[in-house]
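The primary structure of each chain is shown beneath.
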Amino acid sequence: MNYRVDHIPKNTAKDRRPGLAMQATTITIHNTGNPSSTAANERGWLTNPSNDRTASFHIVVDEREAIECIPLNENAWHAGDGSGASSGNRTSIGIEICESGNYAKTLENAAELVASMLRERGWGVDRLRRHFDWSGKICPRLMYDNGKWTGWTTFKNMVSARLAAKEDNEEMTPEVKKMIEELQATVQKQNERIKSMEDQRNIPAPEWAKEAAEYYSPHMNPKTGSYDFWRALTIQYRKEKGITV
Ligand SMILES: [Zn+2]
């Protein structure tokens, strides 16, 4: 899906872009309430001279694109809960989901967009709000389901699934990378140690065991062994030959 920035001017009528600085703490989801308008239509409406409402939003998404209409570090009038410092209007990024065209595709696009925004901010789906949560308006209305809000649950699940899928594929953090490198170094060291222990189990007869080795040679296969093996063999040999040391 294409994401484009087309900010409305700061002097847009009806104070639709008030320019108040905002450090968003949540993302608020809306439906446009218009079954036929596209994202481009909604963007156009914000600067349409016949629009006399003080209402705006940050991003609008439809089946083919997302348009950022107000910078995400400025407020927009979308939550219907006034202008208090903790209002949705002053603390939340407003996303309008279009109702036109292929709505299933539009929802996919919205879920993808929201997931990427949450990920970017290190947020979970607990940061998502409905317009309803701020002002009680039945919005996003296509998720309402007669008050059961099943569509809202579905949408949040769609976002969660995308977050989880992305986490699996995500680049490793430097900490995890370091941990894995240390682990690999440890495994490498252990392998070398095991190898050298194996080597010690397979040494040829030392000088002091040569006689015994020669004696038992016809029965020995392989002709190598550990230090302890050569020692035991030598003791056996001396016993057999009555050699006392
Ligand atoms: Zn709304």
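Residues numbered from 1 in each chain as written. Predicted model: local features only at pLDDT ≥ 70, side-chain atom pairs only at ≥ 80, totals over all residues. Heavy atoms only, no water.

### What about the nonpolar core?
Within the largest apolar cluster, 29 residues are counted, with the highest numbers of intra-cluster contacts made by Ile27, Ile29, Ile95, Ile97, Met143, Phe155 and Val159. Secondary-structure elements contributing two or more residues to this core are β2 (26-31), β3 (59-61), β5 (92-97), α3 (103-121) and α5 (150-169). Among the elements that make up this core, the one with the highest residue count is α3 (nine residues). (Core = buried A, V, L, I, M, F, W, Y, C linked by side-chain atoms within 4.5 Å. Buried < 20%, exposed > 50% of the residue type's maximum accessible area, 1.4 Å probe, protein only. Helix = DSSP H or I, 4+ residues; strand = E, 2+ residues; numbered from the N terminus.)

### Brief notes about the coordination of the zinc ion
For the zinc ion, the full set of protein donor atoms is His30 (ND1), His131 (ND1) and Cys139 (SG), at a range of 2.1 to 2.3 Å. Sequence spacing of the donor residues for the zinc ion, all on one chain, is H-x100-H-x7-C. Classification of histidine 131 by relative accessible area gives buried; the value is 7%. (Donors = N, O, S within 2.8 Å, 3.2 Å for Na, K, Ca; no water.)

### Let's talk about the pattern of salt bridges
A full pass over the atoms with the stated rule returns twelve salt bridges. The salt bridge involving arginine 162 is made with glutamate 108; its shortest N-O contact spans 2.6 Å. Of the two residues, arginine 162 is situated in helix α5 and glutamate 108 in helix α3; the sequence distance between them amounts to 54 residues. Residue classification places glutamate 108 among the partly exposed residues on the basis of a relative accessible area of 38%. As a salt-bridge pair, glutamate 120 and arginine 121 come within 3.7 Å of each other at their nearest N and O atoms. Taking relative accessible area as the criterion, glutamate 120 reaches 64% and is therefore assigned exposed. The exposure class of arginine 121 is partly exposed, given its relative accessible area of 28%. Several salt bridges converge on common partners, so that one network encompasses Arg4, Asp6, Arg43, Arg64 and Glu65. (Salt bridge = Lys/Arg side-chain N within 4 Å of Asp/Glu carboxyl O.)

### Let's talk about α3
With 19 residues, α3 should cover 27 Å at 1.5 Å per step; its first-to-last C-alpha distance of 27 Å lies within 8% of that length. Taken together, the buried positions of α3 are Tyr103, Thr106, Leu107, Asn109, Ala110, Ala111, Leu113, Val114, Ala115, Met117 and Leu118. One side-chain oxygen at the N-terminal end of α3 lies 3.2 Å from the backbone nitrogen of alanine 104; it belongs to asparagine 102. At the C-terminal side of α3, glycine 122 shows a positive phi close to 70°. (Expected span 1.5 Å × (residues − 1). Polar contact = N/O pair within 3.5 Å; in protein donor to acceptor, adjacent residues only side chain to side chain.)

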